[in-house]
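So you can see what is in the structure, the chains are spelled out below.
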Amino acid sequence: MDLNFSGPLTRVVVVEETTQVGQARREALRVAAEAGFNEIDAGRVALAATEMATNLWRHGGGGRMTLSVIAGACGQGVELCTFDRGPGFVLAQCLQDGYSTGGSQGLGMAAIARQARVMEAWSDARGSIVVVRIHPERAPRDADLAYGAVRLPMKHELACGDAWHLRVQDQKLALTVIDGLGHGALAAEASEGGVRVLAALPTADSAVDAINDLHAALSGSRGGAAAVACVSPESGDIDYAGVGNIAGSLLIGDTSRGMASMPGIVGVQYRKAQAFSLHAPAGTLLVMHSDGLQARWSLRDYPGLQHRHPALVVAVLQRDFDRGRDDVCVVALRVGAFR
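Residues numbered from 1 in each chain as written. Predicted model: local features only at pLDDT ≥ 70, side-chain atom pairs only at ≥ 80, totals over all residues. Heavy atoms only, no water.

Peer 1: Could you give an account of the nonpolar core, with specific residues and numbers?
Peer 2: Among the nonpolar cores identified, the biggest contains 31 residues, and Tyr-147, Trp-164, Leu-175, Leu-286, Met-288 and Leu-333 are the most heavily contacted of them. Here this core takes four residues from strand S10 (residues 224-231), the largest share from any one element. Residues in contact with Trp-164, not counting those within four places in the same chain, are Phe-5, Ser-6, Gly-7, Tyr-147, Ala-149, Arg-151, Leu-175, Thr-176, Val-177, Val-195, Cys-329 and Val-331. Residues Val-13, Ala-35, Leu-67 and Met-109 belong to the second largest nonpolar core, which totals 29 residues. (Core = buried A, V, L, I, M, F, W, Y, C linked by side-chain atoms within 4.5 Å. Buried < 20%, exposed > 50% of the residue type's maximum accessible area, 1.4 Å probe, protein only. Helix = DSSP H or I, 4+ residues; strand = E, 2+ residues; numbered from the N terminus. Contact = heavy atoms within 4.5 Å.)

Peer 1: Explain the pattern of salt bridges to me, and be specific about the residues and the numbers.
Peer 2: Inspection of the entire model under this criterion finds twelve salt bridges. Glu-27 serves as the salt-bridge partner of Arg-30, at 3.0 Å between the closest nitrogen and oxygen. In this pair, Arg-30 and Glu-27 both sit in helix H1 (residues 20-34), three residues apart, roughly one turn of the helix. Judged by its relative accessible area of 43%, Arg-30 is partly exposed. Glu-27 gets classed as buried once you look at its relative accessible area, which sits at 15%. Its salt-bridge partner being Arg-126, residue Asp-320 comes within 3.3 Å of it at the nearest N-O pair. (Salt bridge = Lys/Arg side-chain N within 4 Å of Asp/Glu carboxyl O.)

Peer 1: Tell me what's going on with helix H2 (residues 39-59), and back it up with residues and numbers.
Peer 2: Taking 1.5 Å of rise per residue, 21 residues should cover 30 Å, and H2 covers 30 Å from first to last C-alpha, within 8% of that figure. All of the buried residues along H2 are Asp-41, Ala-42, Arg-44, Val-45, Ala-46, Ala-48, Ala-49, Met-52, Ala-53, Thr-54, Asn-55 and Leu-56. A positive phi of about 75° marks Gly-61, the residue just after H2. (Expected span 1.5 Å × (residues − 1).)

Peer 1: Talk me through unusual backbone geometry; I want residue IDs and the actual numbers.
Peer 2: Not every positive phi belongs to a glycine, and Asp-170 is a case in point at roughly 55°. One non-glycine residue, Gln-171, lies in positive phi territory at about 60°.

Peer 1: Residues and numbers for the packing of aromatic side chains, please.
Peer 2: Across all of its chains, the model carries four aromatic pairs by this definition. Pairing Phe-5 with Trp-164 gives two aromatic rings, centres 5.8 Å apart and planes at 55°, and the pair type is tilted. With Phe-5 in strand S1 (residues 3-6) and Trp-164 in strand S8 (residues 162-169), the pair connects residues that are 159 residues apart, well separated along the chain. Taken as a pair, Phe-5 and Trp-164 share a single burial class, namely buried. Aromatic pair Tyr-302 and Phe-321: ring centres 6.5 Å apart, planes at 75°, arrangement edge-to-face. Of this pair, Tyr-302 sits in the loop between strand S15 (285-289) and helix H7 (310-321) while Phe-321 sits in helix H7, and the two are 19 residues apart along the sequence. The structure contains a cluster of three or more aromatic residues connected by ring pairs, namely Phe-5, Tyr-147 and Trp-164. Just above the ring of Tyr-147 sits the side chain of Arg-133; from NZ or CZ to the centre is 4.8 Å. (Phe/Tyr/Trp six-rings, centres within 6.5 Å; stacked < 30°, edge-to-face > 60°. Lys NZ or Arg CZ within 6 Å of the ring centre and 35° of its normal.)

That is the geometry; function is a separate question.
Spelled out as structure tokens, the structure:
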């Protein structure tokens, strides 16, 4: 499988009342068009978005929906994610036609599941999160890729200074996260310029080579922080290099191992990018994020979450640890799942 994918901006729709359900549906249709869905597949996305948004205000006390284009093994898909403030639910029960927690006909969750290749849910004292991934009907059953990502601008900003890129080529995976210095349009110009350079490279180089390429590409911009993880899915060997405050972690079983970055600003000045060699057995969760997410998080506080779909992990982390005063980018993937 070859993949060259630059993470798009995550869209957000607030759903606090029934009139906003239509907005969620329209936004879902736009995202489906960006993913290249035909009319029938776009209709499936619209149906799922309508049901999920309806559940937000009817059962969850209101909340928000995020929408994004996602990479698949054979083309692009659409991810819909809802965050509510409700009392929670058990997904297995709600997938039964006729079961309802609030007096409805109880058909919505099952209808959503019929459109989805992935459907995951998490409920706790802070509310519930539902993640749905929809791929074209013609796509193979294993079209979904075991990764999750969110890329959101700071509140009241349109441009996001954080960016990420994923490349799979020649049995090697390269994941890059860039945080343009500051926020707003100039930060976005720096980070997106770096991503464009990575996407245009003929091969996925070593982590240090990628950092050096980014340094040259960001010269003349305000620069930023960047980190690159090059993973060999077959062996689990990881070549990692970072400059600035991009955080990287490997979650292996009950342990978490941080990945070090060197001081400096890519595109402006740093002494030298240093490579670190690590090993991650198949099933390890690799998480990388900008400093828009608090660094002091632990999945030990969320029993069982580490082994769920990475998209659900990313959603929980963003909900609970977003600083709220900066752009935020979080990417997680399952080592060994990209072959």
